[in-house]
Amino acid sequence: MKTEQLFFGAAYYDEYMPYDRIDTDMEMMKKAGFNVIRIAESTWSTWEPEEGLFDFTHLDRMLDASERHGMNVIIGTPTYAIPYWLSQKADDMLVLTKQGQEIYGRRQNMDITHPVYLKYAERIIRKMLEHIQGRKTVIGFQIDNETKPYGNYGKRAQKMFAEYLKEKFGTVDALNKEFGFNYWSNRVDSFDNLPDVRGTINASYGAEYEKFQRTLVDKFFAWQADIIKEYKTDAQFLTQNFDFDWRNHSYGLQPEVDQFSAAKPLTIAGVDIYHPSADDLTGKEIAFCGAIGRAIKEGENYLVLETDAQGNPGWLPFPGQLRLQAYSHLGSGANSVMYWHWHSLHNAIETYWKGVLSHDLKENSIYKEASVIGNEWKRYGSRLKNLKKHAEAAILLDNNSLTGMNWFPHAGNLAYNDVVRWLYDCLYEKNIECDVVFAESEHLEDYKLLLVPALYSAPESLLKRLSAYVENGGNLIVTFKSGFSNEYLTVYHDEQPHLLSKCLGIHYDEFTVPSRPVSVKSGNITLPENAYLSNWMELVTCDTAKALANYDHKFWGEYSAVTLNKFGKGNAMYIGCYLSKETLSAFLDEMLRQSGISLPDYQYPVIRKEGINDAGEQVIYLYNYSSDEQTIIWDYDNAEALFHDTKISRGDSIMLKPWDVQIFISVCQSSI
Amino acid sequence: MKTEQLFFGAAYYDEYMPYDRIDTDMEMMKKAGFNVIRIAESTWSTWEPEEGLFDFTHLDRMLDASERHGMNVIIGTPTYAIPYWLSQKADDMLVLTKQGQEIYGRRQNMDITHPVYLKYAERIIRKMLEHIQGRKTVIGFQIDNETKPYGNYGKRAQKMFAEYLKEKFGTVDALNKEFGFNYWSNRVDSFDNLPDVRGTINASYGAEYEKFQRTLVDKFFAWQADIIKEYKTDAQFLTQNFDFDWRNHSYGLQPEVDQFSAAKPLTIAGVDIYHPSADDLTGKEIAFCGAIGRAIKEGENYLVLETDAQGNPGWLPFPGQLRLQAYSHLGSGANSVMYWHWHSLHNAIETYWKGVLSHDLKENSIYKEASVIGNEWKRYGSRLKNLKKHAEAAILLDNNSLTGMNWFPHAGNLAYNDVVRWLYDCLYEKNIECDVVFAESEHLEDYKLLLVPALYSAPESLLKRLSAYVENGGNLIVTFKSGFSNEYLTVYHDEQPHLLSKCLGIHYDEFTVPSRPVSVKSGNITLPENAYLSNWMELVTCDTAKALANYDHKFWGEYSAVTLNKFGKGNAMYIGCYLSKETLSAFLDEMLRQSGISLPDYQYPVIRKEGINDAGEQVIYLYNYSSDEQTIIWDYDNAEALFHDTKISRGDSIMLKPWDVQIFISVCQSSI
Amino acid sequence: MKTEQLFFGAAYYDEYMPYDRIDTDMEMMKKAGFNVIRIAESTWSTWEPEEGLFDFTHLDRMLDASERHGMNVIIGTPTYAIPYWLSQKADDMLVLTKQGQEIYGRRQNMDITHPVYLKYAERIIRKMLEHIQGRKTVIGFQIDNETKPYGNYGKRAQKMFAEYLKEKFGTVDALNKEFGFNYWSNRVDSFDNLPDVRGTINASYGAEYEKFQRTLVDKFFAWQADIIKEYKTDAQFLTQNFDFDWRNHSYGLQPEVDQFSAAKPLTIAGVDIYHPSADDLTGKEIAFCGAIGRAIKEGENYLVLETDAQGNPGWLPFPGQLRLQAYSHLGSGANSVMYWHWHSLHNAIETYWKGVLSHDLKENSIYKEASVIGNEWKRYGSRLKNLKKHAEAAILLDNNSLTGMNWFPHAGNLAYNDVVRWLYDCLYEKNIECDVVFAESEHLEDYKLLLVPALYSAPESLLKRLSAYVENGGNLIVTFKSGFSNEYLTVYHDEQPHLLSKCLGIHYDEFTVPSRPVSVKSGNITLPENAYLSNWMELVTCDTAKALANYDHKFWGEYSAVTLNKFGKGNAMYIGCYLSKETLSAFLDEMLRQSGISLPDYQYPVIRKEGINDAGEQVIYLYNYSSDEQTIIWDYDNAEALFHDTKISRGDSIMLKPWDVQIFISVCQSSI
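Residue positions are given per chain, counted from 1 along the sequence in the order it is written. Both sets of labels track the order of writing: A upward for chains, 1 upward for ligands. Selection of residues for local features in this predicted model requires a pLDDT of at least 70, selection of side-chain atom pairs for listing and counting requires 80 or more, and totals for whole chains, interfaces and linings are taken over all residues. To obtain the side-chain values, all non-hydrogen atoms of the structure were included, while hydrogens and water were left out.

Caption draft 1: Geometry of the overall build of chain A. Note on conventions: DSSP H or I runs of at least 4 residues are helices, E runs of at least 2 residues are strands, and numbering of each starts at the N terminus. A tally of helices and strands in chain A yields 17 helices and 33 strands. Restricting the calculation to C-alpha atoms gives the radius of gyration, and the globule rule supplies 2.2 Å times the number of residues raised to the power 0.38. Taken over the C-alpha trace, chain A has a radius of gyration of 26 Å; the compact-globule value for 672 residues is 26 Å, and the two agree within 12%. Along the first, second and third principal axes, the C-alpha set of chain A runs to 75 × 75 × 40 Å. Relative accessibility under 20% of the residue-type maximum defines a buried residue, over 50% an exposed one, and the middle range a partly exposed one, all with a 1.4 Å probe and only protein chains included. Looking at chain A as a whole, 69% of its 672 residues are labelled buried. Put simply, 75% of the contacts in chain A that link residues at least 6 apart link residues at least 24 apart. Only the protein chains shown count as covering a residue, and every accessible area follows the Shrake-Rupley method with a 1.4 Å probe. In the form shown here, chain A has an accessible surface area of approximately 21,600 Å², with 47% of it arising from carbon and sulfur atoms. In summary, the charge assignment counts Lys and Arg as positive and Asp and Glu as negative, without counting His or the chain termini. For this purpose, a charge sits on NZ of Lys, CZ of Arg, CG of Asp or CD of Glu. Placing the 66 positive and 91 negative side-chain charges of chain A at their respective mean positions leaves the two points 1 Å apart. In this analysis, two residues are considered to be in contact whenever any of their non-hydrogen atoms come within 4.5 Å of each other.

Caption draft 2: Quick peek at the interface of chain A and chain B. Between chain A and chain B, the contact holds 52 residues from the first and 49 residues from the second. Buried area: the accessible area, evaluated with a 1.4 Å probe, that two parts lose upon being put together, summed over both parts. The contact between chain A and chain B buries some 4,200 Å² in all, and 57% of this surface belongs to carbon and sulfur atoms. Interface area lost by chain A to chain B is led by Tyr84, Asn347 and Tyr352 of chain A, which between them contribute 17%. Think of a salt bridge as a Lys or Arg side-chain nitrogen and an Asp or Glu carboxyl oxygen that are within 4 Å of each other. Note that glutamate 495 of chain B is salt-bridged to lysine 362 of chain A, the shortest N-O span being 3.7 Å. Pairs of N or O atoms are called polar contacts if they sit within 3.5 Å, as long as, within protein, a hydrogen donor faces a hydrogen acceptor (for residues adjacent in sequence, only side-chain-to-side-chain pairs). Linking chain A with chain B are 27 residue pairs in polar contact (both at pLDDT 80 or more). The set of elements that each furnish at least two residues to the side of chain A that touches chain B consists of α2 (44–47), α4 (84–87) and α12 (365–384) of chain A.

Caption draft 3: Quick look at the pairing of strand β1 (residues 7–11) of chain A. All names here are of chain A. Burial of β1 is extensive: five of the five residues sit out of reach of the surface. The pairing of β1 with strand β13 (residues 334–340) spans four bridges and is parallel. Of the residues in β13, the one forming a bridge with phenylalanine 8 is valine 337. Sheet analysis places β1 next to strand β2 (residues 36–39), joined by three bridges and oriented parallel. Bridge pairing links alanine 10 to isoleucine 37 in β2. Taken together, β1, helix α1 (residues 22–31) and β2 form a β-α-β motif whose crossover is right-handed. Two strands qualify as a pair provided that DSSP identifies no fewer than 2 bridges between them. Consider the strands pointing away from the viewer: the crossover is right-handed when the path from the first strand over the helix to the second runs clockwise.

Caption draft 4: Broad picture of the pattern of salt bridges. Under the counting rule described, the total for this entry stands at 135 salt bridges over all chains. Here lysine 389 of chain A ties to glutamate 433 of chain A by a salt bridge, and the two come within 2.5 Å at their closest N and O atoms. Residue lysine 389 of chain A is found in the loop between α12 and β14 (393–397), and its partner glutamate 433 of chain A is found in the loop between α14 (416–430) and β15 (434–438); the two are separated by 44 residues along the sequence. Note that glutamate 640 of chain C is salt-bridged to arginine 383 of chain C, the shortest N-O span being 3.1 Å.

Caption draft 5: Up close: the interface of chain C and chain A. Taken together, the contact pairs 54 residues of chain C with 49 residues of chain A. A combined buried area of about 4,200 Å² lies between chain C and chain A, and 57% of that area is made up of carbon and sulfur atoms. In terms of surface lost to chain A, no three residues of chain C exceed Tyr84, Asn347 and Tyr352 of chain C, which account for 17% of the buried area on that side. Going through the elements one at a time, α2 (44–47), α4 (84–87) and α12 (365–384) of chain C are the ones with two or more residues in the side of chain C that touches chain A.

Caption draft 6: The domain arrangement of chain A, seen in detail. All names here are of chain A. The assigned domain composition of chain A is domain 1 (166–203), domain 2 (240–385), domain 3 (393–595) and domain 4 (606–666). Placing a centre on the C-alpha atoms of domain 2 and another on those of domain 3 gives a separation of 32 Å. Listed by partner, the interface residues are 23 residues for domain 2 and 23 residues for domain 3. Between domain 2 and domain 3 the total buried area reaches about 1,900 Å² when both faces are included, carbon and sulfur atoms providing 57% of it. Area buried by domain 2 at its contact with domain 3 is led by Leu253, Lys284 and Phe288, which between them contribute 34% of it. Across the contact surface, domain 2 and domain 3 share three salt bridges. Along the contact surface separating domain 2 from domain 3 lie twelve residue pairs in polar contact (both at pLDDT 80 or more). At the level of elements, β10 (250–252) and α10 (284–296) are the ones that each hand at least two residues to the side of domain 2 that touches domain 3. Ranked by residue count, the leading element in the side of domain 2 that touches domain 3 is α10, at nine residues. Broken down by class, the residue content of the side of domain 2 that touches domain 3 amounts to eleven nonpolar, five polar and seven charged. Boundaries between domains were set according to an automatic or database domain assignment. Residues are grouped as follows: Ala, Val, Leu, Ile, Met, Phe, Trp, Tyr, Cys and Pro are nonpolar; Asp, Glu, Lys and Arg are charged; every other residue, Gly included, is polar.

Caption draft 7: Structural detail: helix α13 (residues 399–407) of chain B. What α13 of chain B keeps buried is the set Asn399, Ser401, Leu402, Thr403, Gly404 and Met405 of chain B. Contacts from the buried residues of α13 of chain B go to α8 (203–229), β14 (393–397) and α14 (416–429) of chain B.

Caption draft 8: View of unusual backbone geometry. Looking along the chain, the bond that leaves tryptophan 340 of chain B and enters histidine 341 of chain B is cis, with omega of 10°. With respect to the helices and strands, histidine 341 of chain B occurs in the loop between β13 (334–340) and α12 (365–384). One non-glycine residue, glutamine 108 of chain C, lies in the positive phi region at around 60°. Topologically, glutamine 108 of chain C is positioned in the loop between β5 (100–101) and α5 (115–132). On the basis of relative accessibility, which here comes to 10%, the residue glutamine 108 of chain C falls in the buried class. We note that tyrosine 150 of chain C has phi near 60°; this positive angle belongs to a residue other than glycine.

Caption draft 9: Layout of the relation of the copies chain A and chain B. Least squares is used to superpose the copies, and the fit set is the C-alpha atoms of residues whose pLDDT is at least 70 in both copies. When chain A is fitted to chain B, the best match, at an RMSD of 0.0 Å, comes from turning it 120° and sliding it 0.0 Å along the axis. The operation mapping one copy onto its partner corresponds to a three-fold rotation axis. Relative to the rotation axis, the C-alpha of glycine 100 of chain A is the closest in chain A, positioned 6.5 Å from it.

Caption draft 10: Quick look at the sheet that holds strand β33 (residues 661–666) of chain B. Residues and elements named next belong to chain B. The strand order across the open sheet built from five strands is β27-β28-β33-β30-β31, with neighbouring strands paired in antiparallel fashion. Only two strands of the sheet have a single partner each, and these edge strands are β27 (606–612) and β31 (646–648). Strand-to-strand twist in this sheet, taken as the mean axis angle between neighbours without regard to direction, amounts to 30°. Two strands pair when backbone bridges link them, and β27 and strand β28 (residues 618–624) are joined in this way by seven bridges, in the antiparallel orientation. Residue pairing across strands places isoleucine 612 opposite glutamine 618, the latter belonging to β28. In this description, a line fitted to the C-alpha atoms serves as the axis of each element, helices being fitted only across the stretch in contact, and the angle between N-to-C directions of two axes falls anywhere from 0 to 180 degrees. Taken strand by strand, α12 contacts β28, β30 (639–641) and β33, and its axis lies near 125° from that of β28.

Caption draft 11: Spatial organisation of helix α3 (residues 57–69) of chain C. All names here are of chain C. Taking 1.5 Å of rise per residue, 13 residues should cover 18 Å, and α3 covers 18 Å from first to last C-alpha, within 8% of that figure. Taken together, the buried positions of α3 are Leu59, Met62, Leu63, Ala65, Ser66 and His69. Summarising the axial view, the buried residues of α3 lie within an arc of 160°, below the 170-degree limit, and thus occupy one face. At its buried positions, α3 is contacted by α1 (22–31), β2 (36–39), α2, β3 (72–76), α5 and β6 (138–142). With its phi angle positive at about 65°, glycine 70 sits one or two positions after the end of α3. Residue count minus one, scaled by 1.5 Å, sets the expected span of a helix. This arc corresponds to the set of directions leading from the helix axis out to the C-beta atoms.

Shown next as structure tokens:
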């Protein structure tokens, strides 16, 4: 979905404020160029302090103020944090997880399939939407927030799962066979009497339950979307705030939600991206999660609904970084930057998750830098919004493989998202922009180069599509652990990697976790001096493929580490081990060359992103993610520097100050 | 309370002995100069082996023997370890903690508010006190032992908490507002229906519960004291064995008890101080916990009721250390050293927590060194007891701030007690004696210098008292994270550090956790070569204060790390970051100079302590906490060496053997 | 028990196969020289998919095929993994452990004392045995698999324990006294009302429960053996698959089973030995666990029922290692090598515990190397089977001491098995073969040298036997922590090490855990340059013993680290501290010299094992556990090289290729 303008703003909670300062806040926001607030998603107990007693005072105050000050508003349904009184309506209102029964306190631990929860949730949503009908400043709605199944292993959910399995398999014999339940005497004799999934040692059973859990989110969104659509206008969008696998910050594909499938009822994708700043700001999380943001609605622009202003302790940005971050989002195709949140909280667990304003609620250095951004966007935003991006390379992501790798964490603690980021980050540092495609995507052919990290669990249909992609001229990189098992984590019982063997021109049946790093040698490719692998190695034999590198090992020197195969009109590279970053880089360079994708002369910490704006102009961002000045040589045709109204020509040198960004507009769309 | 003599002895358990050796033990004790045993606090099941069946055989044996051998006795009530039969009287006799329901086995896990427990506890106390009425050797009583609330989150306790909150706040609206319960939909609608505290993410709610738990100990002591007072004579004292925050040994302020408040019904403070020995003996725990011991009854002498003889594996003292330790306690104002315990146990969990005697119950090297101590005290004790101490510096300790820091552990895992010990230990190594004052103390003005570590949670009244202290001529050091929130952990919503801003002459609103050490530079103070901070830094701006040091940082160089402000007649230093030990030392030197407190020429490992004895003489202890000889120059007037009957004059050099102590008596009370 | 031939084979599960390939598998096996499969121990739910519905299709298929292909079969009773329907028959069918109630899923978590379990188990055993009556290829039966008490702390088991205690102690007073229940008020007043063992802090109570748990396994085996004996022929053996303390691989004495006692109803011992390969293959686990295998039936040969083919990720053997491993088992006295398992699994938790065949079920490098072994055994097996071994040295192992050390883990996390392996591995690297004797063994006198590691818990009778062993001319090495407590973990209350003091000629009462390594010095023995200890040191005083080494310590230099005593006709060495490996080695050399045991000129990585075959010939194995060639000088009389039909004479040099083994047969039985 395209938007009329760039949105710049913050989450706002009048109901959390220590005193009435709503007009002060709105004035401060306007002055800073903010044009949107996001409200209401956490505060059911304020809207309905007692069962059946509705009080929208704070909501009205925020909407009245938004009208007085000309501020756009995104309203979230308040269903992801339930009031205490509601939690008491049923013993199983809160989820039973693998760790035991949840008790009331934190958000996001109710059973989203519970009929009592759903009944009350529907009522508060309808009451709220009725109440705000006709409000002009409301531009869109957010369903719930960072929704997940919350580790629900309760009886109701497990009963639903039994029905799901019955639907899928028909007979218990079929289930016993597919899941290998003969093992350790795990056979079942009836769908009405299945073992508690929490105890299982059968990965097929356990992983299928996680897949089932993800479908609960799909259903929840569809249900809420249907309710909201009864009230919203066509102009008002419908979104969700999707988040990511968390490693003290946003890191990888979200394991608990199939975002591609869950997003179907939405009109625009929304994400929250949190990342470290200060010495640790790299732009990687913004770029990677942004690529997922684009993929959720298959290439459309997305909203950044939450990102850090001051954020967690340790994330306080250096001067310039807040602005760099904002433009990093835009360069990835975001149409908004919205901070979580406007002010800092004076109570409770997120007291130190600081907003734009500190606890003193005054203009501070962060506010001042936000004002720079906001006022630049007022001036330049129309040329930056709705950036249309299409990368030449894409990385294929898959939740079933992520789950499968979790069930079999044998590769020295390498998780699926580690393999994903290993590939993605290497391209990022080379300045090769990379899209994300979900395994369900039908647009693989749009890319010159497709990277497939650890596709552990794959139905044959997907393996065939990958083969066909190469056969038809695509360039494919497949890593270790791909094609190993089917969609139920049943290992394919022919040679590995099953149907991909032919297109890759290789096979293997043995692999190991080396207890010390193993060197890698190549006759074809120039490798870094200390080329090595760790964590995982497969003993790969070439059939039709050419070995690009072998193991430099006394006993396993005959096996290949990396291979390349011509197959049909395309090329397929297999990486059978977890190479050190520098070693991987050399092989990616080779495959980029094979794919006809050119590499810029400069690398990280200078990062380039590009796309086409509404006017059909090419927009090129240059970012400096370092504390030092950087100078690069312009390798495009003539362009115009956005902030300075100066012209630039091929061969000119460009200096970027520490943590600075520059933007260039070129009418010519092709890079060298 | 002053005592007639120094007490030297051990906990004694006739009921644990493998065979009858009570007269052998008493004779060995007497020979070693022991004059007290502490008995009975753990053995309810021996006194009442079945419900209602009382058997004081062992108690009588010990009292009879004490009379035969002229040994003083301290009797503990046996209530901190309940018999199994009592644990079976109610399902909730043992506490429900955050980890779940306790089961029988260890001590200290009953619900000290349980009416059935209290009924039986009262009966055994009365039976025991009736039984020993008139026993002449009993000099005092100990209530229970190391009492705490034991993590009690049971229904009864939570109901009491609801009443406590109702009393305090009157209406749920007031509670909702103060605790910020609007956040994440946590509003409550009735005091009769509050969420289980175990689940809360609201620090105000959770910390207030911990405060409430501490009041349970106050009540428990008052209740037992009232019973005991019905039986005890005026000459018999009443004490409790207070312990400390535990980090494999005594470390810091006890988080679960407000010792100042709990001690009100007592006539004398008692403590147990456990510390490593051998290579790790520093005297720091003895000095720091001793300072708390003095503070509990506001400057009076205290009893060391337990300390290590052989102690835990790894604590076995080197020759000389047991004696050094004993005098370390005396130099801090203790009037007793009592080992836990006389013999070593042959069964159960503390088998390796060894006493004076090893498992063979024979004279060993520890016993022999104890005999040296005991016999010295017989000779010199009258000049060493009731040491009156008053330091020029004091450190302010506060349980609410400790709890607050636990709820917000953001500063790279720095806990409250780490900040306390960071300051205290730095002074200790400089040979600046330092008192402890509790936040409730009314004697701040007695000190030239007051140190306030991480006073995270403080009512405005306390902040005003600190300001007034400076205004009236006091010298104040305040560290980062002070004055940040009120008594309910609600962050003050003006500039930080709230009311202290004026007296400190600074303000800040931003802070961070640097991912790598940050250098510190000063134009005023000579800093060590590698002056740096880690863990936490606040971006401090001087208003009226002078910057003593700034961050040596490319982007944050404008902000101050340490500041000094003249305010009224006094000086106030602010330390806005966690400086390395050597860097902190330089700033403390500066503030000691400002405060007119002089520094001796020698430092740790030579430690000096001093005080005034009953005769008004000044007693000066010199300790050598190292395996090497140390020589220092005497910087006092003429004095007499206690152990050698020699005289010493200013400028004489004094040699201390490894792990040795020397004591000097001077009639002139003033140091240079 | 002697066997007719060497057995070479694998566990086989027709019921786990993805498609029918039973004849293919048998043909592949036969071609590789396999002569046995082990079946049926895990698949109750296949034999009885619903309660009372029996289906032995897969069993019949395997037996039919075994007859067609002339393959021997070992049948396991399927009782260690119960069907889901059986788990639902009673609420307490699965064990309650210290971690809580088990839920269905994994194997080995049922209550093996549960009458309902036992009823159904007996029925399936009888049904299966009836079904296969008369099958000619069945050579033996295995009871259950890796049986243990599974941490059973359920009510039934605890009630049985109360009866066990009553039987043992008669009165609660006796129990209270022996266990020291006076401590912390733990006295009990009735056997009908004992505290839940899970909560206890009394090591005597807790450890006795673990001893009791081990007796449950004895009873379980006796019960199953009685049933099986009703069906089996005299020619069919009866075994169990014993496993070991697990540290990511087989490591030490199994804590949960008294294997010596449990094995009484068996006719032959069986073990599973899992070990790392590749860079980490040392042969130590094979040798150590093999020594236990021999000890279980007091010197008889044993079966290796499971060992790794490809095994866990990271264990993939280098070329040559699979063969080296197989001969390592034979050299230790095994009469079989059976892989777990034939194929690799396509589902569930052991998907990556790979068998001989990989998931593709084709001939691979592992299969090919197995074929070399199998075909060599067809040719040479008759001269290698039933190897009779008797070492000159033995190490005494004891489960009660292991449990005791777990309850008192004070020595810097040194566990009992660490002390065991510290001694054993040191001898192994010197090429001194070493038997295991259990504390109950009556054959101590068979050995020149007896090593006693950390015999923490020992009845006086055992200590007397050790003294008598020395007095009668034996050579004894005793380490720290031996003889410290009796069979109930009650510490002996005279001088340490109690009754051993006299034979060792030493005593001590103090010990410590040094916070840094402590040097060791010797006037008698040449020590390595950096001779030191860590973790634990006892302050030993020599009575009649001679100090071989003292602590090189400023304050504890007077105490001995290692002592040697002449006692009667023998010698007794005491090692009072945990010496570094090289330091220990020097003292073991001294004691080997004293014992008249000669050391070969070559050490690890070249390892020698020897024994006498059925024909009375001496068989000598030489192994190279390294990636480099090794050359040694032959130090025996004339011998014949088994694989090459060449002769070899004293003084000849022998070259071993990387990871190679050579076998020599000599008619002369005495080594130099």
